Amino acid sequence: MRTVFAFPTSSLAVTTELLDRMMPGRNGQWTDGNLFVSLADEQEGYLFSDWEPDDIRRIESVLGYRPTWAVQADVSGRVDGTPEIRDFLGRVLEDGGVAVDDYSDHCWTLQEIESGFTIEGLGFFDFRGHYERHYQP
């Protein structure tokens, strides 16, 4: 699985209603078979439990506050997942916020994701470029 965290600026209630409309789910978990979505909550200890302090500071700096919850989207390894995660974030981040992926230290805005913006040669959710950079001889 490859993981993306989204930190929408919309409220938790609005985001939960959106997720309920977007895909089937129950008990705070949703899936369409390619994306497995849940809410990570800092109060329950799940949100930043294994994050590096610099990564948390980066998110705080970009958003201007420390988020207390996030949308976690795990992408099945059975599919490329790029179109699915981009479409998903297009809806979840429509009102603002940022997303982080497994492949860069950047907090990605929806505009950057949709425009194909790159940081040090890597775009958002660029698992192929990351693999080539780190694992190809």
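*Asks:* Just to check I follow, could you spell out the nonpolar core for this structure?
*Replies:* Side chains of a nonpolar character, in soluble globular proteins, are inclined to be buried together. Judged by nonpolar contacts, the single largest core of 26 residues is most densely connected at Val37, Ile85, Phe88, Leu89 and Phe124. Counting only elements with at least two residues in this core, the list comes to strand S1 (2-8), helix H1 (12-22), strand S4 (35-41), strand S5 (69-75), helix H3 (82-92) and helix H4 (110-115). Setting aside its immediate chain neighbours within four residues, isoleucine 85 contacts Val4, Leu35, Ala73, Val75, Phe124 and Phe125. Phe48, Trp51, Ile59 and Ala70 belong to the second-largest nonpolar core, a separate cluster that totals 13 residues.

*Asks:* So what exactly am I meant to see when it comes to the packing of H1 against H3 here?
*Replies:* Axes are the key here: two packed helices are described by the angle between their axes and the distance separating the axes. Between H1 and H3, whose axes approach to 10 Å, the crossing angle comes to 140 degrees. Accordingly, the angle class assigned to the pair H1 and H3 is oblique. When the axes of H1 and H3 are compared, the crossing they make is right-handed. When H1 is examined against H3, the residues Leu18, Leu19 and Met22 are found in contact with a partner set consisting of Phe88, Arg91 and Val92. Across the contact of H1 with H3, the residue classes tally to five nonpolar, no polar and one charged.

*Asks:* Is there a simple way to explain the environment of proline 53 in this structure?
*Replies:* Tracing the backbone shows proline 53 in helix H2 (residues 53-63). Judged by its relative accessible area of 46%, proline 53 is partly exposed. Separated by 29 residues in the primary sequence, proline 53 and proline 24 have C-alpha atoms spaced 34 Å apart.

*Asks:* Just to check I follow, could you spell out the sheet that holds S4 for this structure?
*Replies:* Reading across the sheet, the six strands line up as S2-S3-S4-S5-S1-S6 and stay open at both edges, with antiparallel pairing between neighbours. Looking at which strands have only one partner, the edges of the open sheet turn out to be strand S2 (25-26) and strand S6 (97-100). Across four bridges, S1 lies against S6 in antiparallel orientation. The residue bridging phenylalanine 7 from the neighbouring strand is valine 98, located in S6. With respect to the sheet, H2 is in contact with S1 and S6, its orientation differing from that of S6 by roughly 160 degrees.

The rules behind these values
- Residues numbered from 1 in each chain as written.
- Predicted model: local features only at pLDDT ≥ 70, side-chain atom pairs only at ≥ 80, totals over all residues.
- Heavy atoms only, no water.
- Core = buried A, V, L, I, M, F, W, Y, C linked by side-chain atoms within 4.5 Å.
- Buried < 20%, exposed > 50% of the residue type's maximum accessible area, 1.4 Å probe, protein only.
- Helix = DSSP H or I, 4+ residues; strand = E, 2+ residues; numbered from the N terminus.
- Contact = heavy atoms within 4.5 Å.
- Axes fitted to C-alpha atoms, helices over the stretch in contact; angles between N-to-C directions.
- Parallel < 35°, antiparallel > 145°, perpendicular 65-115°, else oblique.
- Left-handed = near helix turned anticlockwise from the far one by under 90°.
- Nonpolar A, V, L, I, M, F, W, Y, C, P; charged D, E, K, R; others polar.
- Pairing = 2+ DSSP bridges.

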